[in-house]
Amino acid sequence: MIFGEFPVDGAEGLILAHSVRLPDERLGKGHRITDADVARLRAGGIASVIACRIEADDLDEDTAAAILAEAIDPDHLRFSPAATGRVNVYATCNGLFTADRDTVDRFNRIDPAITFACLADHSDVRDGDLLATVKIIPLAAPRASVEAAAAVFRGAPPIRLKHYRPHAVSLVATELPSLKPSVMDKTARVLELRLAASGSRLVGERRVAHRAVAVAAAIEQALAEPQNAPQMVVLFGASAVADPADVLPEAIRMAGGTVEQVGLPVDPGNLLVLGHIGEVPVIGAPGCARSPKENGFDWVLNRLLAGEKPTVRDLTGMGVGGLLMEIPSRPMPREIAEEPTRPRVAAVVLAAGSASRMGEGGRHKLLAEFSGEPLVRRSARISLESGADGVVVVTGYRAAEIGGALQGLAVDIVDNPDHASGMASSLKIGFSSAAARRADGVLVMLADMPGLDTQDLRRLIAAFREAGGRAIVRAVAGGKRGNPVILPRSTFEAVQALEGDVGARSIVEGSGVAVIDVELGEVAYLDVDTPEAVLSAGGLLKG
């Protein structure tokens, strides 16, 4: 592939490396130039373009990506059509995602033009989740490199999705006077929730005294049932396991079983016991598994539900990445929290645009008044009243006047000197602010949406907090995507990688983070870009 600046004359067949804007259209990156395009470029006064010429030993980006994706074993996987050099890989069932690091690394070291990224090994996934992506970096890749990379994937599958198998599960729980029955009831419900993704079911529960002989008898009774014989037994002790000879591991041995491991290098989840009686696995659950939050019990349970038989080497190899989110409610947390915390949400109001569609005459849409209040001030005010933990307004075009309209409001104003480059630069500046850095999520507010009110923003923030601050929350109108949107901390790095006149849509649709839609009605897509739109929305045009 030859990359560089080419004269327009003779540019037929070249592929644009950067978009070209003409008076009445735009030729995008990746567009193959035709004879008609050459005439339009000349007429537009463009003498040269940045492009590439694909040679005989090259493959264009989409062809290369498609060949590499086809080399992956498709079992339980769905592949997107190749576009812009990318093929995404999705799950077609609930299951356990596994990745072969050696194979993936060998693939990625063949040629920097060819890349493959995927989830962490042994991730718990759901039908439809994004698992991996093949991406060709330039507009073409050498055929020899593509063939070598495809051979790596054909020789050793880089990823697999092991579908969860339905299991009949029996629960044995021990009782002590200090353990409330309501806690034991909740334990059973939480276990049922964990089993639901695999189609597994709880076929019996026995509550017995916290003694090894009583637990062993309950296990033997469960295994002896002709109708509901379990394929897995889960033990919950009323007191934590303190020794390999403690109640739960000793009960497994007394019932004729073998104990593989007592203790797990995953926190929360250290106090797990794993054994088996014949072919039936028996898990002594740690106390943290009474909570639905992720812990070491999930890691072991998911492997069993996917048909794996974890070895001692597997279990003792879980330490890297095994420090999980704290569960403040457990009896001995790593740190004592002074009080429960809620996810913090900062609001970033984008008010830097040049209002190019407002025509001549110096009128600015954000200075138009709605009920006597400049639109930009209204947007900032309802952001403040929403309960957001800090509001940042990004200015650019006519920054002094926009700042003047915000006078007296407790907002942070940051200027974007590069606002002409597009929305991405404003997003990056807003997300770099102190308020955003302290937050668990950022509400991105377009300043030109007069239909939104305080209650709309509060509903979005409430949904984000109810999701624990881990989901993307998006306003919709009749199911149609709109604005505002709240992005969680896990997406902040992706925001900093945006370029040009693009917003957060690519992040919302391609991050793999769960998306929660909040129906707001037509206000979710009502903005005012023209004088007519301002007047139609009830605004009064000012200077």
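Please read all numbers here as calculations on a predicted model, not as lab measurements.

Reading the values: rules and limits
Residues numbered from 1 in each chain as written. Predicted model: local features only at pLDDT ≥ 70, side-chain atom pairs only at ≥ 80, totals over all residues. Heavy atoms only, no water. Helix = DSSP H or I, 4+ residues; strand = E, 2+ residues; numbered from the N terminus. Buried < 20%, exposed > 50% of the residue type's maximum accessible area, 1.4 Å probe, protein only. Contact = heavy atoms within 4.5 Å. Lys, Arg positive; Asp, Glu negative; His and termini not counted. Charge placed at Lys NZ, Arg CZ, Asp CG, Glu CD. Polar contact = N/O pair within 3.5 Å; in protein donor to acceptor, adjacent residues only side chain to side chain. Pairing = 2+ DSSP bridges. Axes fitted to C-alpha atoms, helices over the stretch in contact; angles between N-to-C directions. Salt bridge = Lys/Arg side-chain N within 4 Å of Asp/Glu carboxyl O.

This brings us to the overall build of the protein chain. If you tally the helices and strands in the protein chain, you get 17 helices and 29 strands. Each of the three principal axes of the protein chain carries a C-alpha extent, and together these read 90 × 65 × 35 Å. Put simply, the protein chain has 543 residues, and 49% of those count as buried. When contacts within the protein chain are restricted to residue pairs at least 6 apart in sequence, long-range pairs at least 24 apart make up 69% of them. Averaging the positions of the 57 positive and the 69 negative side-chain charges in the protein chain gives two centres separated by 3 Å.

For the rest of this paragraph, the subject is the environment of R194. Tracing the sequence through the fold places R194 in helix α5 (residues 181–196). For R194 and A494, which are 300 residues apart along the polypeptide, the C-alpha to C-alpha distance reads 31 Å. Filtering out sequence-adjacent residues up to four positions away, R194 remains in contact with A289, S291, P292, K293, N295, F297, D298 and L301. A distance of 2.8 Å separates a polar atom in the side chain of R194 from the backbone oxygen of S291.

The strand order β7-β8-β12-β10 describes an open sheet built from four strands, whose pairing is antiparallel. Each edge of the open sheet is held by one strand with a lone partner, namely β7 (77–79) and β10 (114–118). For this sheet, the mean inter-axis angle between neighbouring strands, taken without regard to orientation, is 15°. Across three bridges, the pairing between β7 and strand β8 (residues 86–91) is antiparallel.

What follows concerns the pairing of strand β17 (residues 232–236). Counting buried residues along β17, five of its five residues qualify, which places the element largely inside the surrounding structure. The alternating pattern of β17 places M232, V234 and F236 and V233 and L235 on opposite faces, both of which are buried. For strand β15 (residues 168–175) and β17, the ladder comprises five bridges, and the chain directions are parallel. Within β17, the position partnered with L171 by the bridge is V234.

Pairing is mixed in the open sheet, where six strands are placed in the order β16-β15-β17-β20-β19-β18. Looking at which strands have only one partner, the edges of the open sheet turn out to be β16 (201–209) and β18 (258–262). Geometrically, the sheet is characterised by an average inter-axis angle of 20° between neighbouring strands, direction not taken into account. Across the sheet, α5 is in contact with β15, β16 and β17; its angle to β16 comes to roughly 155°. Its contacts with the sheet place helix α7 (residues 247–254) against β17, β18, β19 (273–277) and β20 (280–285), and it is angled at close to 160° to β18.

Let us look at the pattern of salt bridges. Counting across every chain of the model gives 23 salt bridges. Put simply, E25 and R40 hold a salt bridge, and the shortest N to O gap is 2.7 Å. Here E25, found in the loop between β3 (20–21) and β4 (26–27), pairs with R40, found in helix α1 (residues 35–43); they are 15 residues apart in sequence, far enough to count as distant. By relative accessible area, E25 is classed as partly exposed at 27%. The exposure class of R40 is partly exposed, given its relative accessible area of 35%. Where D517 meets R474, a salt bridge forms, and the shortest distance between an N and an O atom there is 2.9 Å. Taken together, the residues D517 in strand β29 (residues 515–519) and R474 in strand β27 (residues 472–477) connect sequence positions 43 residues apart. Given a relative accessible area of 40%, D517 falls into the partly exposed group. Judged by its relative accessible area of 17%, R474 falls in the buried class.

The subject of this paragraph is unusual backbone geometry. A cis amide bond links D267 with the next residue in sequence, P268, at an omega value of 5°. Secondary-structure assignment places P268 in the loop between β18 and β19. The residue after N483, namely P484, is reached through a cis peptide bond having omega 5°. Mapping P484 onto the fold places it in strand β28 (residues 480–488). Positive phi is not limited to glycine here, since H76 has a value of about 65°. Considering the arrangement of structural elements, one finds H76 in the loop between α2 (61–70) and β7. Residue H76 is classed as partly exposed on the basis of its relative accessible area, which comes to 24%. Phi at R398 is positive, roughly 50°, even though this residue is not glycine. Take R398: it is sitting in the loop between β24 (391–395) and α11 (399–405).

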